[in-house]
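# Close look at the chain arrangement
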Amino acid sequence: MPNKSKRRIFRILIVSFIVSFILLVVVSLYALRQINVNNAFSAQVDHTNVVISEMYQLDILVRDLDVQEQGYMLAGDSAFMEKISEIEKEINTSTQRLKDMIADNRQQLKLITQLRSLIVLRLDALENNLKHYDPSAPRRLPFEYYKGRELKQQSLSYITTMQNNEYEYLLERYKQKKNSEKIAQNVVQTLIVSFFIITLFLFLILVREIYIRRNFQDQLQKRVIDLKRSNEELEQITYALSHDVQEPLRKIQIFSNRLFYLKGDQEQTIEVAQRLNRSARSVQTLLEDMEVLLGLRKDQYEERVSLNEILGNVLSDMRQQVQDKKAIIQAEQLPTIKGNYKQLQLLFRNLIDNALKFSRENEPPVIAIRCNTITDEQANAVFTNEGNEY
């Protein structure tokens, strides 16, 4: 498949996925928003029902006040006066509750204020009526009695007006709730259909990609076989090259060793020869390490090796680098473990070399080498959990 076509299909997949994801997020956010809106409308409907119920209770109390007044006028029983006192307290409590519940409605708040004034006048008229009422002349009713009847009717009229207003609010809020639910349902359905279409489109593109890739499977398999053959040939060449280079290195070591037996006291010549000898050993070690790296995919022989011995050999080979950096090596007593000698030697050399290479300039590095024993569970936790520091 041409690269341009692959890039084009990849871009289509990415854009489609992004659009699909955005639609999913929009559906989720919109649904959450509509849930909150519907909850708000439901709360308003419930609040209106509570207000209407409280108004019905207040209506009953106002009417019951009139009944108790007439009962006292007929029987003269003090029990009716006690009942009147209780009703008066309940009316005050009820009107205060209504005032608190409709505090956000100026029109209703104005009506409840006027209603409370009428109720106060009604209670005053009731009190004056009972003071001036003469049981011996029941047909001669005080003026306050008729005034109380008029104030009662006015109070009931205010209560009815407030109830009608609340019914209108209830109907309006119920319609708003239904409209909101309908709009939300339509929008969510539209978004879900769009999401389904885009998802189906992505699925068809993926099926097409799988079909095309299966057509190229045979060619890819052939290329893999060719690559494997080339890799094996490269390993053979590298292995042979490693052995061929080691022979001249051994000769360098022999010639440098002979310099030690030259007559004279040329200390500088001896020092150069020592460096030459160490360098040759380092090169030989690196070549051996290259052989180790080439054999990492094969079975490696493991034995009991002393980490102290390996560390000592590595520090001996890297003595000049350590001295040049003026590094301070702090090594604890290391254990003897089962492993591959060359691989562990390469590990210590790379760790120390990186520590020296990436140290701060003009500041002697301090390299601390410590060890600790951990359990299998701790090892699994370290190497299987992402984000751990170790």
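It should be noted that the structure appears before, not after, this text.
Below is a summary of the structure that appears in this document. From a predicted model like this one, the values you see are computed outputs, not experimental measurements.

Viewed as axis vectors pointing N to C, helix α7 (residues 307–317) and helix α9 (residues 341–357) meet at an angle of 50°, and their least axial separation amounts to 9 Å. As judged from the angle between their axes, α7 and α9 are oblique. When you trace α7 past α9, the crossing you get is right-handed. Together, L307, E309, I310, L311, N313, V314, L315 and D317 of α7 and Y341, L344, Q345, F348, R349 and I352 of α9 make up the contact between the two elements. Considered class by class, the residues forming the contact of α7 with α9 number nine nonpolar, two polar and three charged.

This part covers the pairing of strand β4 (residues 366–369). Along a regular strand, successive side chains alternate from one face of the sheet to the other. Only one face of β4 is buried, namely the one carrying I367 and I369, since none of V366 and A368 on the opposite face is buried. Where strand β2 (residues 328–331) lies against β4, four bridges are found, and the strand directions are parallel. Its bridge partner lying in β4, I328 is registered against V366.

For the rest of this paragraph, the subject is the packing of helix α2 (residues 78–101) against helix α3 (residues 106–132). Two numbers describe how α2 lies on α3: the axes approach to 10 Å, and their chain directions differ by 170°. In terms of orientation, α2 lies roughly antiparallel with respect to α3. Judged by residue contacts, M81, I84, E88, I91, T95, Q96, L98 and K99 of α2 engage L109, I112, R116, I119, L123, L126 and L130 from α3. Of the residues contributing to the contact of α2 with α3, the split by class is 10 nonpolar, two polar and three charged.

Glancing now at a nonpolar patch on the surface. Taken together, I14, I18, F21, I22, V25, V26 and L29 make up a surface patch of nonpolar side chains, about 590 Å² in accessible area. Inspection of the secondary structure assignment puts F21 in helix α1 (residues 3–75).

Next up on the list: the pattern of salt bridges. Counted under the stated rule, the structure contains 10 salt bridges. Taking the shortest distance from any N to any O, the salt bridge between K152 and D66 comes out at 3.7 Å. With K152 in helix α4 (residues 143–215) and D66 in helix α1, the pair connects residues that are 86 residues apart, well separated along the chain. Take K152 and D66: they sit in the same class, and that class is buried. The closest approach of N and O atoms between E69 and R149, which form a salt bridge, is 2.6 Å. Taken together, the residues span a long stretch of sequence, with E69 in helix α1 and R149 in helix α4 at a distance of 80 residues. R149 sits in the buried class, given a relative accessible area of 15%.

Quick look at the packing of aromatic side chains now. Using the criterion set out here, one finds one aromatic pair in the structure. For the pair Y145 and Y146, a centre-to-centre distance of 5.5 Å together with 85° between the ring planes defines the contact as edge-to-face. Under the relative-accessibility criterion, Y146 is labelled partly exposed at 48%. Between the NZ or CZ atom of R149 and the centre of the ring of Y145, over which it lies, the distance is 4.2 Å.

For K326, which is not glycine, the phi torsion reads 55° and is therefore positive. In this structure, K326 sits in the loop between α8 (319–325) and β2. In this structure K326 comes out as exposed when scored by relative accessible area, which is 63%. Even without being glycine, N362 reaches a positive phi, approximately 60°. Within the secondary structure layout, N362 lies in the loop between α9 and β4.

The rules behind each value
- Position labels on residues start from 1 in each chain and follow its written sequence.
- Local features in this predicted model are restricted to residues of pLDDT 70 or higher, and side-chain atom pairs are both shown and tallied only at a pLDDT of 80 or more, whereas totals for entire chains, interfaces and linings draw on every residue.
- To obtain the side-chain values, all non-hydrogen atoms of the structure were included, while hydrogens and water were left out.
- An axis is simply a line fitted to the C-alpha atoms; with a helix, the fit covers only the stretch in contact. Between two such axes, the angle follows the N-to-C directions and lies from 0 to 180 degrees.
- A run of H or I in DSSP counts as a helix once it spans at least four residues, and a run of E counts as a strand once it spans at least two, with each numbered from the N terminus.
- Should an angle fall under 35 degrees it is taken as roughly parallel, and over 145 as roughly antiparallel, whereas 65 to 115 is taken as roughly perpendicular and any remaining angle as oblique.
- Here a crossing is taken to be left-handed if its near helix is turned anticlockwise relative to the far helix by less than a right angle, and right-handed if that turn runs clockwise.
- In this analysis, two residues are considered to be in contact whenever any of their non-hydrogen atoms come within 4.5 Å of each other.
- Only Asp, Glu, Lys and Arg are considered charged, only Ala, Val, Leu, Ile, Met, Phe, Trp, Tyr, Cys and Pro nonpolar, and every remaining residue, Gly among them, polar.
- Throughout, exposure labels follow a simple rule: accessible area from a 1.4 Å probe, protein chains only, divided by the maximum for the residue type, with under 20% read as buried, over 50% as exposed, and the rest as partly exposed.
- Note on pairing: DSSP must find at least two bridges between two strands before they are called paired.
- Patch membership requires more than 30% relative accessible area and the absence of a salt bridge. Residues of like charge join within 9 Å; the nonpolar side chains Val, Leu, Ile, Met, Phe, Trp and Tyr join within 5 Å.
- Reported accessibility uses the Shrake-Rupley method at a 1.4 Å probe radius. Residues are deemed covered only where the shown protein chains occlude them.
- By definition, a salt bridge exists where a carboxyl oxygen of Asp or Glu is found within 4 Å of a side-chain nitrogen of Lys or Arg.
- Ring pairs are drawn from Phe, Tyr and Trp, using the six-membered ring of Trp, whenever the two centres fall within 6.5 Å, and their geometry is named by plane angle: stacked under 30 degrees, edge-to-face over 60, tilted for the rest.
- Any Lys NZ or Arg CZ found within 6 Å of a ring centre and within 35 degrees of that ring's normal is scored as a charge over the ring.

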